[in-house]
Structure formats: structure tokens, C-alpha cells
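Chain by chain, the residues:
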Amino acid sequence: MNMTENLMVKTEPLVEPISAAGSNQVSKHSLVDPELNEFLYIYEELVRSRFSAITNTLKTLSIYQHELDFVTRAQRIALDQLHYELPLSLLEDSWVSGLNLRALHSYCIFRSFKECVAKARFDQASWRERIALHTSFIHSCGYHTVNISSCADGRLQGLLSFILRLVPSESIYVKSYAGAMFNIEEDIVNWAHRELERLTGGLPGDEDKNYLKIAVYHYSSSNPAHQGCAAHGSDTEKALKSALERLNELRAAINNTYGRGAAPDILLIGVDTDIDSIRVHFPDVSGDINPDRYIDSGKIYQESIGMDQETARMYISDALDKAESGLSSEKGKMAAGMRSLVVGLVEANLSQIEFVIQYHAGRYRVIGHNERFICAGESMNELHLRNKYYFAHLNTVEEAAVHLDVGVKIFTELNIKHGLAIPILVHYHYSSRVPGARERVIQRCRRVKAAIESRYSKLHERGLLNCQIAISDKVGTERCTFIEDEVKVAEH
Ligand SMILES: [Zn+2]
Ligand SMILES: [Zn+2]
């Protein structure tokens, strides 16, 4: 599959937001948690403000760049509007060669992101407490780990906390790949690692529980042919089938290697990125997924609005029964734990649907791409928000080139067309328990950075690609520390 060939990348916002509920009427579904939505909205606004202040701040700086007290003044403006200072090296020589606004813009994007990471615990405290589906709920459904692979598309960056209303933790995490095309070998390693932890007593209380693998594809209900998954040429059918194929391959791989029955449970979810509703394609009794058997939260929302909680819950349960017996009923019904998980996900997502109705007029104004930067390497669990960055999970650039190419293509539209550079944050984790790991991860970041700069050398030479290295400690407190290039002088 050539992912970059039939790329459709559109970034223009719709002129008029299409409202699903009508402009002023905010519908209230009895199963929605309005207070949680309010907390999430406050968080969204807070994070957004850290990025949206950048452009105006830089425009202001550019006015003053030839003044005598420019550096002092610039720092005061930056502190006031962005709450951090700017690197002196980017300010001091402006009187000679003019302010390097491209470099400053990239720096500010990285720095604002770092701010979000540093303040995450504080920023997210309100909704983390209140969110619908905690780890204990996942455990009650019979799973010790939920490993989710979604598309790297920035519109899915809010997947965990917003769309699925899950709290990220050691046992619930997302890794993204272009088109949700996760790497099977790597997934086997992740699975084996978790199962080993379980079998050696590392997951107390969860010894009898299972591993769940979820793949998440996406589509756009209002503009399916252009705003769907770029990695699959905006072909919803192809996005769905490819993700399911990957899930089945993972199951086969583990069953063939470790014996029948070893494979994890699987679940397939589709997200309508216009309104954040979900389609859950659930398995039958033997764990197989029929792509045509699913439950759609958007439909449930519309049909059950106005019902009281008890009736609405019964409605969801009936709808699931119908979907289950509609096709291939002879295959038998899914396990009880899986069923409560599916019901839980659908019910929790109703809040997200209403969130989009209430705070985004029923449909996101920008239904296309609007990311701020590319994160390459390993993602941080700290930021959960739609369209903040395009994430390319990669071990080496050669291996994951296609994921990066999709990202660079998106940013050619978003940034380069407007004279801005593409900011790429190269980020990896290390463990401070492992001697020498920090130094090794820095070397790894440098290799990846160099490979990115040579793959996109034309952009890099013209100053249209800014790579910043950052590292985090898996077990300690160091988060998103910027690592600068080795100073040239050291080479004497
Ligand atoms: Zn996609
Ligand atoms: Zn990896």
C-alpha cells in the first residue's frame, strides 16, 4: 500500500459550521455528564490558549526588533503573553540579520507543548477524577491491559480522554500509526512484556485477566471522500478493513507462536472525526469481528435523547442485542466482560457527542487538519487534545518513513504554504533505573534527527524544518527535557 500516493490533505475550515442540533438549542441527554464536559472544555481552552498566543506575540516582537532595548523588551512581552522566556541566541542578533521568526515560531510551539506537559497534572486534575471509565472499570470487564492503536491523525489525539472517556494509565495506552497500521512484531513484544509482568506477579489482582487490543480507524461523515483517513485515501471501507486485517494478523501471529488461545481479545472502533461519535465493531463468542456488526453511538444518541437514564440504558442494551443477533447469530454472543466494555464505551461517548454539540456547534469548525507540530518517536501521555500534533511512532526513520511522509505532507499545506517551518519534536523515553540509558537515548534521538534532516534535506537546507530533541524518564520525574545540539566548539 502506498500511503502517500493518494493523499488528500485539505486544511481550509468550513465557512459555516454545520450544527447538528440547531444553533442555540443544546440538547441534554440523560446519560451525559455536563460537569465533566465543562471541566474538559476548560482544559481545552487552557491548552489552546498556550498555542494561539504565539502568532500575535511574534508579530509584536517583529515590530520592535530594531529597537535599542529589544532583548529586554522581547523577554518581557514573551513572559507576559506566553509565560516563558525566549532563547537569547534567537533574539540577540536580530538587529543585524532581522528576527528569525521561523525559528522562533518553532521554538514557541515546542516550548508551549513543554508547558502543557509540565502543567498536565494540575491542568487535568478536575477531569481525571471525574472521567467515566477508570482503570477499575477496565479490570471489572476482565482486562488487565488495553493497548490501543489509532491513526496518527491529529484529530484523534483526544481519543483517550475525550472520545473514549478513558483515563490514561500504565494499563491503558495509545500508540498511533498512519492509518492505524500498527507494527505486529512490536505489538507482540508489548503483549509478551505485559503477560510476563502478569505471570511474574507484577499485576497484583489481575492474574486471571486478559489483554485487549483495540484498533481505531476514522472517517468524516460530512465529507467522506476528502476528510477521512489520509493514509487510506479517505476510503472508509479500506481504513476499516485494513485495521481489522491487522488485528486478525496479530491474533494469528500470537496463536501460531504461543499456542491456540494465547492471543489477546480484539475490538475495532471507528471514529467520525466531525462529531466524535464512535462505531464499535464487537466480536462474537470466538472473538472474531464481523465488520458489519457494530453499534453506532451517534445513532444511539439521537434515538435515545429525551429518555430517562434507566430507559436510555435499556435502549443501548436492546440496540446491542439487535446488532448482535442481526447477523450470523449462530456464531454466539460476546463474553459478558466484553459486552459491559462495549456498553460502557458507547454510554461514555454520548458525553463527547454532546460536548461537540455544546462547545463546537455540533460539528468541529475545522473538520480537517490543524495540527501544530509533528511528534516523532514515542508519544507522551500528557497531552490529550484534538489536532494539537501529528504523531509518528517510530523506531527508525527508514522503517516508519511512510508515517513521517504523511505528516510532512500535511504540514506542507499547514505551514510551508504560509512561510512557516515544520516543527518536528523527536521524543523518546529512557529508564533512569537502567545505567547509561539516558546517554543512549540521547544518541538515539540524534540519529533519528539526522535521518529526518537528510530525508527532507531540501526543506532542512531552506530552514523549513526545525527538529528539536526531547527526552523523558519512564520511571522518574524528568519530562520532555530539551536536548540541544552538541556544541561545534567541542570538536575543536
Ligand atoms: Zn488516518
Ligand atoms: Zn516503538
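Residues numbered from 1 in each chain as written. Chains lettered and ligands numbered in written order. Predicted model: local features only at pLDDT ≥ 70, side-chain atom pairs only at ≥ 80, totals over all residues. Heavy atoms only, no water.

## Remarks on the state of the cysteines
No. 1: Counting across every chain of the model gives zero disulfides.
No. 2: With no disulfide of its own, C445 lies closest to C375 among cysteine sulfurs, the gap being 10 Å. (Disulfide = S-S within 2.5 Å.)

## Quick look at the coordination of the zinc ion (ligand 1)
For a metal with four tetrahedral donors the ideal donor-metal-donor angle is 109.5 degrees, whereas six octahedral donors ideally subtend 90 or 180 degrees.
No. 1: Coordination of the zinc ion (ligand 1) by the protein is provided by C151 (SG), H218 (NE2) and C229 (SG), with metal-donor distances spanning 2.1 to 2.2 Å.
No. 2: Spacing between the donor residues of the zinc ion (ligand 1) along the chain follows C-x66-H-x10-C. Residue C151 is found in strand 1 (residues 143-151), and its partner H218 is found in strand 3 (residues 210-219); the two are separated by 67 residues along the sequence. A single burial state applies to C151 and to H218, both of which are buried. (Donors = N, O, S within 2.8 Å, 3.2 Å for Na, K, Ca; no water. Helix = DSSP H or I, 4+ residues; strand = E, 2+ residues; numbered from the N terminus. Buried < 20%, exposed > 50% of the residue type's maximum accessible area, 1.4 Å probe, protein only.)

## Topic: the side chain of Q75
No. 1: By the secondary structure assignment, Q75 is in helix 2 (residues 70-82).
No. 2: By relative accessible area, Q75 is classed as buried at 9%.
No. 3: When residues no more than four places from it in sequence are discounted, the contact partners of Q75 are E85, L86, L88 and L91. (Contact = heavy atoms within 4.5 Å.)

## Re the confidence of the model for the protein
The predicted coordinates ought not to be read in detail in places where the model reports low pLDDT.
No. 1: Mean pLDDT over the protein stands at 88; residues scoring 70 or higher make up 92%.
No. 2: Between residues 1-24, whose pLDDT stays under 50, and residues either more than four places distant or in other chains, the model counts 46 contacts. (pLDDT = per-residue confidence, 0-100.)

## Description of the packing of aromatic side chains
No. 1: Inspection of the entire model under this criterion finds eleven aromatic pairs.
No. 2: Ring geometry for F373 and Y389: centres 5.2 Å apart, planes at 25°, overall stacked. One end of the pair, F373, is in strand 7 (residues 373-377); the other, Y389, is in strand 8 (residues 389-393), with 16 residues separating them in the sequence. Accessibility classification places F373 together with Y389 in one group, the buried group.
No. 3: An aromatic cluster of at least three residues, connected via ring pairs, comprises Y41, F162, F355 and Y359.
No. 4: The side chain of R73 reaches across the aromatic face of Y64, ending 4.2 Å from its centre.
No. 5: If you follow K213 out to its NZ or CZ, it ends over the ring of F182, 4.2 Å from the centre. (Phe/Tyr/Trp six-rings, centres within 6.5 Å; stacked < 30°, edge-to-face > 60°. Lys NZ or Arg CZ within 6 Å of the ring centre and 35° of its normal.)

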